[in-house]
Each structure stands twice: as C-alpha cells, then as structure tokens.
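One-letter residues, chain by chain:
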Amino acid sequence: MRTAYIVTALRTPATKAYKGKLRQVRPDDLAAAAIKGVIDATGIDPAELDDVIIGCAFPEAEQGMNVARIAAFKAGVPYQVPCQTVNRFCSSGLQTIATAAERIMAGFADCIVAGGTESMSLIPMGGNKFSANPGLVHAWPETYASMGITAELMVEKYGVSREDQDAFAAASHQKAAQAIREGRFADEIVPVEAQICGLDGLKMKCSVEQVSVDDGVRADTTVAALAKLKPAFKASGSVTAGNSSQMTDGAAAALVVSEDFLKRTGLQPMARFVCFAVKGVPPEIMGTGPIEAIPAALKLAGLSLDQVSLFELNEAFAVQSLVCIDELKLDPERVNVNGGAIAMGHPLGCTGTKLTATLLHELRRRKERYGCVSMCIGGGMGAAGIFEMV
Amino acid sequence: MRQINKVAVLGAGVMGAAIAAHLANAGVEVLLLDLVPPDAPPRGEGEDRERSRIASNALSALAFAKPAPLYAPAYAEYIHPGNFEDDAARLKECDWVIEVVLENLEVKLKLFAELVVPNLKPDAVLSTNTSGLSVNELARALPIQVRRRFMVTHFFNPPRYMRLMEMVPCAETDPQLLAAMAQFLGKRLGKGVVYGKDTPNFIANRIGTYTGAAAWRHMTAMGLTVEEVDAVTGPALARPKTGTFALWDLVGIDTVVRVLDNSYALLSGDDERELFLVPEEIRRMVSDGLTGKKGKGGFYRRETVEGESVKLCYDYRSGSYNPCVRPKFASVAAAKQVDDPGQRVRTLLSGGDRAAQFAWLTLRDTLIYVVKRLAEIADDAVNVDNAMKWGYNWELGPFELLDALGVAEFVSRCERDGVALPDWFKEVQSFYRVEAGKKFQYLPEKHDFAEIPRPEGSVSLTLLKSAGGEVERNSAASLIDIGDGVFCLEFHSKLNTMGGETLAMIQKGIRRAEADGIGMVIANEGGAFSAGANLMLVAMAIAEGAWDDLALTVKAFQKAMMSIKYSKVPVVAAPHGLAMGGACETCLHADAINAHAETYMGLVEIGVGLIPAGGGTKEMAIRAVRLAEENGADVSSFLFRNYQNIAMGKMSSSAAELLALGLMRQGDGITLDLDRRIHDAKLKAIALAANYRPGRPATGVKAPGKSVASSIKVQLWNLERGGFISSYDSYLASGIADVITGGDVPGGTLITEEYLLELEREMFLKFCGQKKTLERIQHMLKKGRPLRN
C-alpha cells in the first residue's frame, strides 16, 4: 500500500452562529475560501487535483447541490476536477481526509483536497425540514435523541458533576484565550472577506471585513459565572449553554497527496496520514463514541496510547469529553492544549478538518511525532484519525 | 374625529412609561421625555443616548413589567425616548402633550412655563395626569389660548388594564375640545371616560380613600383584624378580592397616606374631614418602611419559614406580624354562594354576625358620604358609578348598589341607626330605570329622571333586550336582533360555559339569521366571553361511563361549529376576556373575529387531559395545510406552530398576540373600547354580507401525514427525558399530533374535513377513558387550575 501525506491543513476563523462576522457568508463561499487557501499556500495547479471532497452535516439549501462542486468552482478549480460531498455528521471533515487518503493509498489518486464546511447561522441543526422515520420513532426513539439529552444521559450514567463540567469549560476558554493571545492559530487560519449589510436611513451600508480571529472565546469567563447558567436540555439537569460546544460557522481544507506527487512537485509534507477508525455506540449516549474509536485507531496504527503526544478531542459537551478522557485514561495535559469547541465552537461538518489543522500546527510547533483527532457523532458513533509528523 | 397621531408624554416614571405603552397599543406614535440626568455629558459631547437615559431605561423596562403594559413587545417601537432639553422643539410635532411628572405644583408649573408653552403646537391639546392637584390652579400658569386646550386626563394604574379615565376641564377649557378628547380616549384607547370636577382627588380616589378610611375606623372600633376586614370588603361586598388592605399594599401605603393627607388639607368644608386624618399606626408603618408590596411588607408579608412561604398578617395593635388566621364568618360564606352582586351584598348584610355588622356600618357610611357629595364631585350618579366600577373594579357602583339594596330599605335602616340623611335622598325611589331600550337616571336637582346618553357606536344587549329585541331564548343563550338584519348570539350561562342548550341556540340562531337576516354576531356582555365547554357535564358522563352520550355531545358540538362555518350568512365572533377551549373553537369557525383588545384565547384542552374536539384541532390542521399551499411551502413549519398552540395549551395575553398564534387572521379586527366591540363586529358582518359566498366542508386536503407526527413525537421523547413534560403529557400530545397530521397515513394522502372531525371525536373519547384525564378534569373543577399528572 502507498503512503498518503498531508501537505497542509488550513481553516477559516470560526465565528459564532447568528452573531459572528461570518453569519451572512454562505457556507459554499466559506468552503471556497478554505480550498483556495490550500491551493495558494501549496502553490499547486488546481487542474492537477483528482478530486475535491467536502464534508457537511446538513447538506441542503446553501450547503446543498453537492456543495463541494459549488465551492470548488468558486475557488477557481477547473470543471475537469470532480467533487463530492460527504456526510458523517460531526466527523464529516475527518471522514473526507480519510477518504482522500484511502484513495491515494490504494493508488487510485495522487492529489485531493479534503475539507468540511458548515454555516450553522444559515442551516438549522436538523435541517430545514426535520422528518423522522415513523417506524423507528415508535420502536427505537433513542435514534433521534437530541444531542443535549445524550449529554444529560451521560451525566446520569457516569455521575459527572456540574462543577467538573463547568471547570472543564472554563479551562477550555482559558487555553483558547491564551492561544489567541500568543498568535498560535495565525498559521492555520485563512482570513475570510466577510460582507455585512445594514440599512442606514435610506442608504444601504455594506462593509467588507477581513475576518481572521475566532470570536467565541470568553477570556474572562470563570467557573462561578458558568455556574449561574440554567440547564438547557433537562429541567433538573447540569448541561448548560456554557458547558456545551458553541454553534459556529466555519470551513477548513487539507491537501492530501501521494509520495509520487511529492517527488514530482518537490512539496514538503507536514504529516503522514496513519489511519482512521469509526465505530458505533448506542445513539442515546453518542458522546461515548471516542471511547471505541480511539483504541480502534491505535490498534490499526500499532501504537500505544502514550506514543500519541497530542489529542484534539472535539468538545461536543464537557461531560462527554470528561467521560472520554477518564475512560480512555488520557493525560488531560495532552488533550486540547489550545482549547476546544466549548470555547471556539463546533461547526459540525467542518470540525474534523478544522481540528486536523490545529493538531498538525501544534505538533509542528512542539516538534512532537504522533497526534490524534477524535470526535463523537450524532446517531451514535465515534471517529478517530492518527497523524505522524514528517 | 379629531386626529391625534403623535403624543408627547412628559415624565418617564412608572406611570408615564405605562401611559406611553398604552398609546403605543393604540398605534399612536409617542415621544417619551424626561430630565437629562445630572451626570450626563453636555449636549454635543458623548453619546446622545446618555442624555435621554431616563426615558430609554423606562422604555427598556416595559418589556419586563408585570402585568405587561404592551399588547405585543414589538409595539415598543412606537415609543421614541428623549429628554426635556434636546427634544423640546419636537413638542411641535405632537397633537397632544400629557404631563406625568412629580405631583408637585411648582414642578409642574415650571415645566409648563419653560418647556410646554413655548413649544406647543397651536392646536395641540395639553393635559395633566395629576391625581390630586387643582386643574384651575395649574391653568393659571398658562396663557389664555393654551387654557382653552388644557384639561386633566387622569389614567388609573396600570393604564392598559384599568378602564377609568377621569377628565376634568378647567374654567376655560373648550367644551367641544373636551368632547373630542373624550371620544378619542374612548374609541382609540378604550378608556371609560368619567367627567369629574375640580375637587380634591376627583371622584374615584375621593370615594375610594373614604371607603378605606371608614373600614379602618370601624375595624378599630370593633376590634377586628386586617384579614377579617379584607374577607368582608372583598367579593362579599361586590368589590375585588384585594378588599381594603391588600389593595393598599398593592397601591403603596405611602401613596394612600399622601392621598389622605391631600384630602385632609384641602377638604376644609367636608363635614367628615376628620376621617381623612391619617391614623398614627399607619404613619408609623410608612416611616418603618412598611409601604406594602414595594416595601418591606405592608398589611401582609410573605416570609420563608423552613423553606416554605408563609403569609403573615399585620397586627395594627401590637405593630407586629403574626401568621394569618383565616376568618370564618357565616354571613360571608353565605354571600359567597350568590352570583348576583346585589343579591350577594343583601345576603351579607342580612347576617347576624360581626362581619355583617361591620359590613353594614362601613357600607352605610360610604353610601351616605357618596350621596352627600354627589353634586359636589360629579355631574350625576352614572359618572360616580362608572368611576368606582372602572377605577376600583367594584362590581356595582354606589348608586347601583343603593338600587340593589332598595333605597327605601336603606333609608329606613339608617333611620333606625339614628343617622342623618339628606332630605332629597329620602324621596328617591331608585337611581336608575330601564324602559324600552333606554336607560334613565335620577337627577336630584331636577327631582326627575333623564335618559343617559349613549355614545354613538355602542351596542347594549341588555337595553336591546329590554326593548323586546330578544327573539329566541333558552337557559344558556339568547338570540337578539341588533338591527340592520344582524342577530347577536348571546351566551348567558354561568361563566358562559357551553352545553347542550348553547349548541341548540347556535343552530337555531344560524337558521334564524339565514331566514330573516344578513349576518350573525357572537358576543355577550358577561365578565368573560366564555370559559368553554361545560366541563362538569363531561366529568359526569365519564363518571357514569355514558360513552354513547359523550360521543353524541361531541358530535353535537362539532355540528354546531360546522353550522357556524358553513352558514349561508357571515358570522363574526366578538370575544372579550377569557375565550377558552370550546369558546376559542367557536371563534375559529366564524368568518371573522372582532376581538376586544383584552382577549385571552386559546385551545387549552390539554390542561384537562382532552383534545380540542369541537373542530379546533381540525381547523388548525386545515389552516396549516392551506397556508403551505398558498405559500408553495412545506406544511411542517405551519403545522408545528398550530400543533404547539394546542399541545402547550397556549393562551394569548392580548388580542394582538392572537395573530402570531394563528388564531386570528389578516382582516380580523381588534377593538379597544369594550362598549364598541359588538357594534364593530356588526359592521364587519354587514361588510361581509355584501358579497357573501358560503363555503362548503373541505375535501381534497393533503394530510401532513405520519412522518410529521413522528417528528413531533421525537420532540416529545426528548422533552419527557428532559423532565419538561410528564409521560401523560407526552401521551396526550402524541394523540393530538396523530389527529392534527391527519391520522396514521403517508404525507399527502387526500382527506376531508369530516374525516378530521371523526379523528377528533375518536381521540377525545379515547382520552376520556383515561384515569389521568378524569383526575385532570376533577382537579380543574375543584381547584380552578390545571393538574400536571
């Protein structure tokens, strides 16, 4: 089997749904910015691409019509290059990297852009028309458990306290705030030109701004402030808006290539794609997904846990992250060292690529070897991908 | 009609802001001004908003005030905050300027001289909301040409909810302008106008404070407790539940003291002046901060003892709080059994206990005081009665009460007590008389009756009935000819609940209107439009297992509703106050709704474990499908809204909210003036009659289908898991989802209106067979509030 390499992985800033500066930017345009960012940064000829694969959790409306194709066109990719959209909910953006890598490793392709995009401002969670399967609702309603309820069920099952959840959330904000202060995300972010329009009297005023910073982080939040929030999903519960991931807009993309391609172009890769694993868990405790996925990925990689220096574990909910860290006996010092989705948001289908970008840049900064991206997935799954710096 | 399109409210205190809110409710643009705060930046420096902070903050606070001053939060956009300095020139834009600043003569005079007079538009009205100052004294500061346009417009708090508007002209007020303003205040703002004179505290507060002071005097003399007095001076005396002292707590005891002081200071010629002298005990309460609800407590206080909220009562003798002792009076208990307010008071007074004795003494003194002061404070009896009914929520005004007690009987009992009475009063037989559709009142100075003029555009069913306008009648409802070919269907059962007789009269009324008229209005003059279907009948049928009867009753209800919807003449519903369950369904089946602004309507059946089965669920299903078709959109979002209204038992908090709930539609109307709503509904019926095309039961309706029902059930599963609803809530809501989506069929299956009615009936009977539904019904009947089981 051949080897697949990541030349680079970049992301747009992630800004708050409905309030952030990207709220009026279409997700296909966000994806185009990320794709173009990767093409520009690597200097490849886009005509050389064998495929463009974009992940998206609700591929409809502005994210519909095979959003990968639309985004690729907007990024200046010629029509000869094919495109596909992939949906595995919150792991879509990791799935696209895996799919790209697998095609390259099988020898079917040499150069693929893989990424993800999601505008939670424009497409509601559940889509514009939620329609549940009657037979399944009758026989197994857990299938459609709301994400908040799955978090509360984990609180019940694993006995995680409100205090621990809030402390985890506060730490996520503090780490993210420090990372931003130190400019640690600067290398991985592709600035986006965002237009915001509003009426000023009879004159329409539109401003275009270069957005380059994540806006969800609250540097000043404290455990005490978070403790004041009301439970969001259960009357007597402990999962709040403050200890859950934020709704966010964003896109990300990575260039995945073969060794032949590297030789031919002289490009330097950042990392080697090691492996990807995805596993199923009960849908009503979907947050446990990484507990199954990470060991499966380690087994495929032939690595032991302590060989992995950094984890980007998507913080869907603090409780879910805490349980995964605890059950897998992960070293908290190696998990989400620059904060996570509680502070910076979780743009569903974009997240997998976004976290890969963050992981690879941090591994490079720390001169560490192995890293892992993992997340839980609605409907009851977990995914994990392992990368080795080269 | 005089056009008043923009109003300046000067003073953004609680009252000023609430008045501004009510003007916004009427669709009038408002400039809300107050002082520039002392710490604000000079003009032109810093943010302008800072200089108008007082008004801006008052405007923001409206959203959180309880009870809500605005009909709908979005109406706040009609109010523009500003300040006295920077926005002075904008007064020129206003058709009416109302002053609501501090109750202080100097402050008001200064504001008039410096701000108002130089900036007032030449034909604009200027009024003051003073509750106690002399209008003529205030007028003296004004140039003569402004005095002609000056008057008191005294709102009662809260202005949205209290109907009373006391208007008092100064000596130079233009009578035509006064009348034009009265018309505007009545028609547009829905106020009940009462004309007062330039006497201290005008009418309502003069009598209201006397009544309270008299209660205090007799309470202390008889050694009664605060809670005992409130038990007697509430509904037993045809007054609101707050009685005497709970009302003072609500108003603020410091405010009561201020009004009493004002009365004492100004009423030098009043032979009962001493009564207005504030008792030492009350003065001490105020100085101790015991000013009522807004202070550290008043005559009542809530304290948390061992985690439980306990109500404490003030003992005026010791000056301490003790646990309240629920008064037990046979006379009060007997009175509470009586519906008719006059009869109720008679029952109370005929008792032999201390409560009856106390009730007589305070009522006697109060009524004699009103009789003695009539000519001084008002033009006539009707102004006084209206003031007390609209400003103090008395069920009967003092003169109406005298009629109910019998003036002769009252006089003889007073004489037995040895109390002096004015001679003219002893001659009076009654203060009111109704003859052939006209109402007359006794004018003492003329020793004769005179007709009470009715404003144009008001319909009184009572008067029409007195003139033989009632063409059909049974124990629960009547049909009244309201002229121009329009018949009014009136409910008149207890709480206007709907039973077999009501349904029979609906059918009969429709047939009559079709045969002899051009349209029908459904309206009544009760305390509420209707509490809905008679729950007691449902409970009894369930208890007896009379399922066939129940099925027939539901079918009869549906038939009546369908006869409204598909009558050959237009039907307009004119609800006011509560319109719950079946009453809401009645409105939904009418061609149009002309609601009073204060209409609290909803399909609330789930609260008693039932589904709206008088066509309400069916109607909301068809409306959602039709909206989707009209908009070329998927039915889900329309259906979810309509479903949620039913599954959450949502009630509107104003008629304006009914549009957002989808219970009223474009073209339906809202009337602010309670007395005009039937007239307005009649106009609507006449307009619809011009080219009326009767409908027919819907066929070919695309069922939303079982996938939509399943999507709803997913939400229910999550809500139940989240502890927001009980498993029985979820069971009921699932059943409602099954009916409103057209049964267990694929989306798009063609169904009919009759089939949806059948689904409603089946689900209704299924729910009736559930133990927990019976528990919900029984709880509602016993306690008057829903049970969550």
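The structure presented is a predicted model; accordingly, all values stated were derived computationally and were not measured. (Residues numbered from 1 in each chain as written. Chains lettered and ligands numbered in written order. Predicted model: local features only at pLDDT ≥ 70, side-chain atom pairs only at ≥ 80, totals over all residues.)

A look at the overall build of chain B
Logical step 1: Regarding its fold elements, chain B presents 32 helices and 25 strands.
Logical step 2: What you see for chain B is a C-alpha radius of gyration of 28 Å, in line with the 28 Å of a compact globule of 789 residues.
Logical step 3: The dimensions of chain B, computed from C-alpha atoms along their principal axes, are 80 × 75 × 65 Å.
Logical step 4: Looking at the 789 residues of chain B, the share that counts as buried comes to 51%.
Logical step 5: For chain B, contacts bridging at least 24 residues in sequence account for 69% of all contacts bridging at least 6. (Helix = DSSP H or I, 4+ residues; strand = E, 2+ residues; numbered from the N terminus. Rg over C-alpha atoms; globule rule 2.2 N^0.38 Å. Buried ≥ 20, exposed ≤ 12 C-beta atoms within 10 Å, placed from the backbone. Contact = placed C-beta atoms within 7 Å.)

Considering the packing of helix H22 (residues 535-544) of chain B against helix H32 (residues 771-783) of chain B
All names here are of chain B.
Logical step 1: For the pair H22 and H32, the least separation of the axes is 10 Å and the interaxial angle reads 140°. If you check the angle between H22 and H32, you find them oblique. When you trace H22 past H32, the crossing you get is left-handed. Contact residues: Leu535, Met536, Val538, Ala539 and Ile542 in H22; Leu774, Ile777, Gln778, Met780 and Leu781 in H32.
Logical step 2: Class assignment of the residues belonging to the contact of H22 with H32 gives a composition of nine nonpolar, one polar and no charged. (Axes fitted to C-alpha atoms, helices over the stretch in contact; angles between N-to-C directions. Parallel < 35°, antiparallel > 145°, perpendicular 65-115°, else oblique. Left-handed = near helix turned anticlockwise from the far one by under 90°. Nonpolar A, V, L, I, M, F, W, Y, C, P; charged D, E, K, R; others polar.)

Things to note about the packing of helix H29 (residues 706-721) of chain B against helix H30 (residues 727-740) of chain B
Residue and element names in this part refer to chain B.
Logical step 1: Close contact between H29 and H30 brings their axes to 10 Å; oriented N to C, the two are set at 170°. Compared by their axis directions, H29 and H30 come out roughly antiparallel. In this structure, H29 uses Ala709, Ile712, Lys713, Leu716 and Glu720 to contact H30, whose residues at the interface are Ser727, Ser730, Ala733, Ser734, Ala737 and Asp738.
Logical step 2: Residues that form the contact of H29 with H30 fall into these classes: five nonpolar, three polar and three charged.

Quick look at the nonpolar core
Logical step 1: Core analysis: the largest hydrophobic core is formed by 382 residues, its most contacted members being Ile35(A), Val256(A), Leu32(B) and Val521(B).
Logical step 2: In terms of residue count, the dominant contributor to this core is helix H15 (residues 354-377) of chain B (eleven residues).
Logical step 3: Dropping the residues within four chain positions of it, Leu32(B) is found in contact with Val9(B), Ala12(B), Gly16(B), Ala17(B), Ala20(B), Ala55(B), Ala58(B), Leu59(B), Ile79(B), His80(B) and Pro81(B). (Core = buried A, V, L, I, M, F, W, Y, C linked by C-beta atoms within 7 Å.)

Some thoughts on the domain arrangement of chain B
Residue and element names in this part refer to chain B.
Logical step 1: Looking at chain B, the domain boundaries give domain 1 (6-195), domain 2 (204-431), domain 3 (463-604 + 650-688) and domain 4 (608-649 + 696-789).
Logical step 2: Listed as interface residues are nine residues of domain 1 and, on the opposing side, nine residues of domain 3.
Logical step 3: Residues belonging to the side of domain 1 that touches domain 3 are distributed by class as follows: five nonpolar, two polar and two charged. (Domains from an automatic or database assignment.)

So, the confidence of the model for chain B
Logical step 1: With 100% of its residues at a pLDDT of 70 or more, chain B has an overall mean of 96.
Logical step 2: The ipTM assigned to the predicted complex is 0.94, against a pTM of 0.93. (pLDDT = per-residue confidence, 0-100.)

Points about helix H2 (residues 67-74) of chain A
Residue and element names in this part refer to chain A.
Logical step 1: Those residues of H2 lying buried are Val67, Ala68, Ile70, Ala71 and Ala72.
Logical step 2: In this fold, the buried residues of H2 make contact with helix H1 (27-42), strand S3 (51-55), strand S4 (83-86) and strand S5 (111-119).
Logical step 3: At the exit of H2 stands Gly76, carrying a positive phi of roughly 90°.

As for the interface of chain A and chain B
Logical step 1: Facing 17 residues of chain A, the contacting portion of chain B comprises 14 residues.
Logical step 2: Residues belonging to the side of chain A that touches chain B are distributed by class as follows: ten nonpolar, five polar and two charged.

Some points on the sheet that holds strand S17 (residues 486-491) of chain B
Residue and element names in this part refer to chain B.
Logical step 1: An order of S15-S16-S17-S18-S19-S21-S23 is seen for the seven strands of this open sheet, with the pairing classed as mixed. A single partner strand is all that each edge strand has here, and the edge strands are strand S15 (470-473) and strand S23 (669-671). Strand-to-strand twist of the sheet, defined as the mean angle between neighbouring strand axes without regard to direction, takes the value 20°.
Logical step 2: Across two bridges, the pairing between strand S19 (residues 571-573) and strand S21 (residues 592-596) is parallel. Note on S21: the bridge partner recorded for Val572 is Ala592. (Pairing = 2+ DSSP bridges.)

Describing the sheet that holds strand S13 (residues 438-443) of chain B
Residues and elements named next belong to chain B.
Logical step 1: Pairing within the open sheet is antiparallel, and its three strands lie in the order S12-S13-S14. Looking at the sheet topology across the chains shown, the edges are occupied by strand S12 (432-435) and strand S14 (448-451). Mean inter-strand twist for the sheet, computed between neighbouring axes without regard to direction, equals 35°.
Logical step 2: As paired elements, S13 and S14 share four bridges and run antiparallel to each other. Directly across from Gln441, in S14, lies its bridge partner Ala450.

Topic: the environment of Leu237(B)
Residue and element names in this part refer to chain B.
Logical step 1: Along the chain, the position of Leu237 falls in the loop between helix H9 (226-232) and helix H10 (245-251).
Logical step 2: Leu237 sits 112 residues away from Leu349 along the chain, and the two C-alpha atoms are 9.0 Å apart.
Logical step 3: In this view, Leu237 contacts Val232, Val345, Leu348, Ala359 and Leu363; residues no more than four positions away in its chain are not counted.

Some words on unusual backbone geometry
Residues and elements named next belong to chain B.
Logical step 1: Here the bond from Lys66 into Pro67 is cis, since omega is -10°, no more than 30 degrees from zero.
Logical step 2: Position of Pro67 among the secondary structure elements: in the loop between helix H3 (53-61) and strand S3 (79-83).
Logical step 3: Of note, the bond from Asn157 into Pro158 is cis; its omega dihedral lies within 30 degrees of zero at -5°.
Logical step 4: Relative to the helices and strands, Pro158 is located in the loop between strand S6 (150-155) and strand S7 (164-169).

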